[in-house]
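Residue-level structure breakdown
For reference, the chains in residue letters:
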There are 2 protein chains.
Amino acid sequence: MNARAVIDIVPLQERLGYTFKKPELLTQALTHRSHSKKNNERLEFLGDSVLNCVVAEMLYERYSDLDEGDLSRVRANLVKQQALYEIAQSLALSDYLRLGEGELKSGGFRRPSILADTLEAVTGAIFLDGGFDSAKDCLRKLYSLILQNVDPKTLGKDDKTLLQECLQSYQLPLPTYNVTGTSGAAHNQQFEVECLIPNLKITVKGEGASRRAAEQGAAKLALAAILKALPQESRKPKKTRAAKKKAAKQDAGEEQLNLKLKG
Amino acid sequence: MNARAVIDIVPLQERLGYTFKKPELLTQALTHRSHSKKNNERLEFLGDSVLNCVVAEMLYERYSDLDEGDLSRVRANLVKQQALYEIAQSLALSDYLRLGEGELKSGGFRRPSILADTLEAVTGAIFLDGGFDSAKDCLRKLYSLILQNVDPKTLGKDDKTLLQECLQSYQLPLPTYNVTGTSGAAHNQQFEVECLIPNLKITVKGEGASRRAAEQGAAKLALAAILKALPQESRKPKKTRAAKKKAAKQDAGEEQLNLKLKG
């Protein structure tokens with residue numbers, strides 16, 4: 001028993017916009033395995049799939065021009081731990097968690113994995129209590145603000161990919177990456193990589209603990225340099241026949257840059 | 001245009017147990033990307049998540065004693081390509097596929113990946129047309145026979161895991177695996193591995209194109225040898241305090257062996 005054994009779930013239900021017929025399902029969804037045997041792990045299994053399905057439907061409806069690869073990428077980013085953690089925080093889920101002594105003492109109620117898993121379990125509980133449409137209504141509300149700020153063309157793409165797509169949209173050759181230096185002991189090396197875009201006279205250098213990380217850093221700087229180099233007017237890429245085939249991707253080119261560079 | 005351009009979908013709807021309000025959704029679900037631009041890829045994205053969710057719910061209800069790890073393992077096996085391919089065959093989906101010329105000529109209508117993907121797309125189409133419960137009703141029927149023949153304790157487990165669990169249930173030490181020989185050229189090696197269970201005086205040898213494969217082969221033979229070595233009466237494992245903690249797993253021990261060895 002701990003001080004949090006009795007929890008008033010009414011405010012949480014209000015935030016969820018859903019009132020349970022069987023409140024014990026919500027209580028179970030809030031119960032971590034460290035607390036008791038009747039915990040939220042099976043509900044988490046169920047809720048994970050409900051969440052995936054509801055988000056898939058939202059994206060399918062919202063982005064009628066996105067292909068299945070882009071839909072998968074966007075969904076993966078909307079259901080990943082960090083995204084669920086942020087939603088869980090907006091619900092103040094940590095105030096309602098039922099944790100065992102050990103987890104309580106070690107601050108389990110702040111742990112992103114526990115909070116994300118609990119949100120999935122709560123989704124599973126709503127699904128069991130009120131059916132698919134109840135879970136859908138609830139998640140639609142929770143995701144509405146997030147979806148407003150999503151750029152489906154860039155979400156979840158790394159800087160090298162964004163740079164490549166940007167250059168392709170201007171029909172420019174791909175950048176070249178060269179390792180220009182390494183430092184530090186073998187187990188703690190730092191890499192320096194340059195990114196060259198001769199047509200735009202851009203040479204930038206990135207650093208990182210791996211070659212890959214250094215390349216990403218250089219790509220990010222190159223994207224910033226392109227934004228600076230190209231006058232505002234010419235930033236809209238020209239459309240050829242080939243380019244038009246990827247019209248949707250091109251149209252988002254400028255927003256891509258803005259999003260990544262302001263972020 | 002090909003000879004299959006006009007297809008009577010009525011028999012398929014009967015087999016699915018669902019009649020579309022918008023039959024064009026079913027037609028789209030049956031359209032491979034090689035056939036036309038308006039194809040089934042986005043429906044497949046949606047249907048995949050609906051399928052996962054419905055199967056998760058079925059398993060959650062049916063196996064109230066399975067933990068989330070086992071539920072995930074069983075689901076993974078019920079929604080994998082081979083399982084969906086078999087369901088697609090039971091629906092004769094290949095008679096309804098709309099393929100491009102190239103795919104038609106190369107026998108695309110027989111390809112497991114195309115048929116499995118199409119089943120997902122059909123699921124997505126039912127979901128869009130009639131909602132979650134319609135998709136659920138349809139999938140419940142398609143999976144009912146499969147679920148009757150599933151052993152949730154063994155489905156998807158490999159022979160080494162089954163052997164280990166079997167020995168643990170009898171409180172016997174784990175088996176030892178030794179590579180006893182290799183043959184063939186470097187790019188085409190064959191491995192021979194022995195599996196030793198001293199307490200049962202079992203020594204068996206397995207072969208395979210990798211050490212791992214040879215170990216699995218040896219484990220399979222060892223399981224067969226255990227069945228033979230133990231008299232029928234003593235096959236029910238003894239339960240200690242520790243053993244009782246995994247009671248559910250133990251109880252299925254004998255069925256595990258039977259299932260694997262008869263299969």
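Residues numbered from 1 in each chain as written. Chains lettered and ligands numbered in written order. Predicted model: local features only at pLDDT ≥ 70, side-chain atom pairs only at ≥ 80, totals over all residues. Heavy atoms only, no water.

All right, on to the packing of helix α3 (residues 41-62) of chain A against helix α8 (residues 132-148) of chain A then. Residue and element names in this part refer to chain A. The N-to-C vectors of α3 and α8 enclose an angle of 60°; their axes lie 10 Å apart at closest approach. Accordingly, the angle class assigned to the pair α3 and α8 is oblique. With respect to the hand of their crossing, α3 and α8 are arranged in right-handed fashion. Of the residues in α8, those in contact with Val50, Leu51, Cys53, Val54, Val55, Glu57, Met58, Leu59, Glu61 and Arg62 of α3 are Phe132, Ala135, Lys136, Leu139, Arg140, Tyr143, Leu147 and Gln148. Taken together, the residues that form the contact of α3 with α8 break down as 12 nonpolar, 1 polar and 5 charged. (Axes fitted to C-alpha atoms, helices over the stretch in contact; angles between N-to-C directions. Helix = DSSP H or I, 4+ residues; strand = E, 2+ residues; numbered from the N terminus. Parallel < 35°, antiparallel > 145°, perpendicular 65-115°, else oblique. Left-handed = near helix turned anticlockwise from the far one by under 90°. Contact = heavy atoms within 4.5 Å. Nonpolar A, V, L, I, M, F, W, Y, C, P; charged D, E, K, R; others polar.)

This brings us to the side chain of A:Asp129. All names here are of chain A. With respect to the helices and strands, the residue Asp129 is situated in helix α7 (residues 112-130). At 4.3 Å, Lys21 is the nearest oppositely charged side chain to Asp129, a buried residue that forms no salt bridge. Residues contacting Asp129, with those up to four places away along its chain left out, are Tyr18, Thr19, Phe20, Lys21, Lys22 and Leu25. (Buried < 20%, exposed > 50% of the residue type's maximum accessible area, 1.4 Å probe, protein only. Lys, Arg positive; Asp, Glu negative; His and termini not counted. Salt bridge = Lys/Arg side-chain N within 4 Å of Asp/Glu carboxyl O.)

So, about the sheet that holds strand β3 (residues 202-208) of chain B. Residues and elements named next belong to chain B. Taking strand neighbours across the sheet as the criterion, the 3 strands line up as β1-β2-β3 in an open arrangement whose pairing is antiparallel. Each of the sheet's edge strands pairs with one partner strand only, and the pair in question is β1 (176-183) and β3. Going across the sheet, the axis of each strand differs from the next one's by a mean of 20°, ignoring polarity. Direction of pairing for strand β2 (residues 190-197) relative to β3: antiparallel, over a ladder of 7 bridges. Directly across from Glu194, in β3, lies its bridge partner Lys205. Running at roughly 145° to β3, helix α10 (residues 211-229) makes contact with β1, β2 and β3 of the sheet. (Pairing = 2+ DSSP bridges.)

Here the focus is the interface of chain A and chain B. Counting from both sides, the interface comprises 25 residues of chain A and, opposite them, 25 residues of chain B. When chain A packs against chain B, the two sides together hide about 2,300 Å² of surface, and 67% of this comes from carbon and sulfur. Counting the surface chain A buries against chain B, the share from its top three residues, A:Arg42, A:Phe45 and A:Tyr60, is 38%. Counting every contact that joins chain A to chain B gives 0 salt bridges. Counting across the chain A and chain B interface gives 6 residue pairs in polar contact (both at pLDDT 80 or more). Taken together, the elements giving at least two residues each to the side of chain A that touches chain B come down to α3, α4 (68-78) and α7 of chain A. No other element matches α3(A), which puts 13 residues into the side of chain A that touches chain B. Classifying every residue of the side of chain A that touches chain B gives 13 nonpolar, 4 polar and 8 charged. (Buried area = accessible area lost by both parts, 1.4 Å probe. Polar contact = N/O pair within 3.5 Å; in protein donor to acceptor, adjacent residues only side chain to side chain.)

This part covers the UniProt feature "active site" (unreviewed entry) in chain A. Taking the numbering used here, the UniProt-annotated feature "active site" (unreviewed entry) corresponds to A:Asp48 and A:Glu120. On the basis of their most widely separated C-alpha atoms, the annotated residues across 73 residues gather in one place, lying no more than 5.3 Å apart. In this fold, A:Asp48 is placed in helix α3. Residue classification places A:Asp48 among the partly exposed positions, given a relative accessible area of 25%. Beyond its immediate chain neighbours, meaning those up to four positions away, A:Asp48 contacts A:Glu120 and B:Arg75. Tracing the backbone through its elements, the reader meets A:Glu120 in helix α7. Each residue touching A:Glu120, except ones within four places of it in the same chain, is listed here: A:Leu43, A:Glu44, A:Gly47, A:Asp48, A:Leu51 and A:Leu84. (UniProt positions renumbered as here; feature names shortened; annotations may be inferred.)

What follows concerns the sheet that holds strand β1 (residues 176-183) of chain A. Residue and element names in this part refer to chain A. As summarised here, the arrangement of the 3 strands in space is β1-β2-β3, forming an open sheet in which the pairing is antiparallel. This sheet does not close on itself; its edge strands, each paired only once, are β1 and β3 (202-208). Sheet twist, expressed as the average angle between the axes of neighbouring strands with direction ignored, equals 20°.

Let us now look at α7(A). Residue and element names in this part refer to chain A. An ideal rise of 1.5 Å per residue puts 27 Å on 19 residues; α7 measures up with 27 Å between its terminal C-alpha atoms. With respect to burial, α7 is a largely interior element, 14 of its 19 residues being buried. Note on α7: the residue one or two positions beyond its end, Gly131, has a positive phi of about 90°. (Expected span 1.5 Å × (residues − 1).)

The subject of this paragraph is unusual backbone geometry. In most cases, non-glycine residues show a negative phi, while peptide bonds are predominantly trans. Residues and elements named next belong to chain B. One non-glycine residue with positive phi stands out, namely Ala92, at about 55°. A positive phi angle, near 55°, is found at Lys201, a position not held by glycine. Positionally, Lys201 belongs in the loop between β2 and β3.

Side-chain alternation along β3(B) places B:Ile202, B:Val204, B:Gly206 and B:Gly208 on a buried face and B:Thr203, B:Lys205 and B:Glu207 on a face that remains uncovered. Between β2(B) and β3(B), which follow one another and run antiparallel, lie 4 residues, and B:Lys201 among them has a positive phi close to 55°.

Our focus in this paragraph is the relation of the copies chain A and chain B. Once turned by 180° and shifted 0.0 Å along the axis, chain A lies on chain B with an RMSD of 0.1 Å. Expressed as a symmetry operation, the mapping of one chain copy onto the other fits a two-fold axis. A high fraction, 100%, of the interface residues of chain A reappear at the interface in chain B, so the copies pair face to face through one surface. (Least-squares fit on C-alpha atoms with pLDDT ≥ 70 in both.)

Moving on to the pairing of strand β2 (residues 190-197) of chain A. Residues and elements named next belong to chain A. For β1 and β2, the ladder comprises 7 bridges, and the chain directions are antiparallel. Its bridge partner lying in β2, Tyr177 is registered against Cys195. Counting the residues between successive antiparallel strands, the hairpin from β1 to β2 contains 6 residues, one of them, Gly184, with a positive phi of roughly 90°.

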